[in-house]
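Report on the structure
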Amino acid sequence: MAVSLFGLLCAFKLLSTNYHQCSAFSPRSINNRRGVVANPLATTTVTTMCATELSHDLLDHVLEVAIQASKKAGDLILGNAGGAVVTKSKANSRDLLTLIDPMCEAIIKETVLNAFPDHDFLGEEDVMPGKHASAAAIEAKLGLAVSDWLWVVDPIDGTSNFVHGMPLCMPSVAACYNGEVVCAVIYDCHRDELFTAVKGQGAFMNGIAIHVGQQSTVGEAIVAMGSPPAEESMKMSIKGVTALMPKVRTIRMLGSAALMLAWVANGRLTCYWEYDLSVTHCYGTKLSSCWDIAAGALLVKEAGGRCTDLAGADFDLRTRKMCASNGNVHDEIIDTLNEAGVQ
């Protein structure tokens, strides 16, 4: 009997330990949420699938590195804010690449991998040549992961804006653990607005907590949308704007998914939707561009909003057709789009 009782006590202790390891995050200071860590600890080895087991010190360090990388890229963007020369078109004449895009990606990648050499990285300019390699790139990162960690990066979101000297372009950096975005940074270098979020800890702009807007009806909503280069996406976008315009307060197209998502998170916009966030790479193969929206999706959710596909399913890294909102108008926006044949 003594042996059995001892075994039960040991089992209870093990279960109790596992419970506390997977419990929700405790409250953190605003500085730590922003990644301002005086002496960040080295990364700890995590062997379970529970994202909430990640230590606060590790998450603070990840956020700090994401901020450093974003600001370095932002400085490069600002140094060329007057406009940039197009080096090539990717899908068509509206899908552009400049010399600065790969330079920004390189500096972000170098900063991340110097801090976390065992982490994986996926950037907009990071897909290898070759039809089959390109088509399998994202699935390979998610399905055949070489690391629990994957950084998903758009070095300059809003390249067309950047080319024409419009201050509506910025880096978007997301750190994902086991396929789930756990840390997000969008740095609007033109306005020096740093949007940050860590899963379970809220969303912030320059260290101050932000929240989605409080509009309760579609009639009060300021809705943003994309202007995609692909022909099918363009046709669906025209259907969507035709259906929404009579119902909402106004519609905006800003040319940067990252910026529009950040502005949904802080309440400047009520909703942002896009029919198909996919691109045709310069090698001719279709890819899902999760780098455009990975960071922004976490920002919106941590600010109290919703982020789904156009069928209402929760966002994940494979989502291409997406809607992000304050939550209050979400279902009506999606219903309106679906009724117009946008789904």
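That block above? That's the structure.
Predicted model only: the values in this text are computed from it and were never measured.

A few points about the sheet that holds strand 10 (residues 222-225)
Spatial strand order, 11-10-12-16-15: five strands in an open sheet with mixed pairing. Unpaired on one side and paired on the other, strand 11 (250-252) and strand 15 (306-309) mark the two borders of the sheet. Going across the sheet, the axis of each strand differs from the next one's by a mean of 20°, ignoring polarity. Sheet analysis places strand 10 next to strand 11, joined by three bridges and oriented parallel. Counterpart to I222 in the pairing with strand 11 is T250. Sheet strands touched by helix 11 (residues 330-339): strand 10, strand 12 (271-274), strand 15 and strand 16 (322-325). Its angle to strand 15, the strand with the most contacts, is close to 25°.

Looking at the environment of A262
Structurally, A262 is set in helix 9 (residues 257-265). Its relative accessible area of 0% is what places A262 among the buried residues. Distance from A262 to A295, taken between C-alpha atoms, is 8.9 Å for residues 33 residues apart in sequence. In this structure A262 touches I186, F195 and L299, once residues within four positions along its chain are discounted.

Overview of the pattern of salt bridges
Applying the stated criterion to the full structure yields five salt bridges. A salt bridge links K199 to E180, with the shortest nitrogen-to-oxygen separation between them at 3.0 Å. Of this pair, K199 sits in the loop between strand 7 (193-198) and strand 8 (203-205) while E180 sits in strand 6 (residues 180-188), and the two are 19 residues apart along the sequence. With a relative accessible area of 31%, E180 lands in the partly exposed category. Across the pair R268 and E193 runs a salt bridge whose closest N-O atoms are separated by 2.8 Å. Highlighted residues: R268 in the loop between helix 9 and strand 12 and E193 in strand 7, separated in sequence by 75 residues.

Cut-offs and rules
- Residues numbered from 1 in each chain as written.
- Predicted model: local features only at pLDDT ≥ 70, side-chain atom pairs only at ≥ 80, totals over all residues.
- Heavy atoms only, no water.
- Pairing = 2+ DSSP bridges.
- Helix = DSSP H or I, 4+ residues; strand = E, 2+ residues; numbered from the N terminus.
- Axes fitted to C-alpha atoms, helices over the stretch in contact; angles between N-to-C directions.
- Contact = heavy atoms within 4.5 Å.
- Buried < 20%, exposed > 50% of the residue type's maximum accessible area, 1.4 Å probe, protein only.
- Salt bridge = Lys/Arg side-chain N within 4 Å of Asp/Glu carboxyl O.

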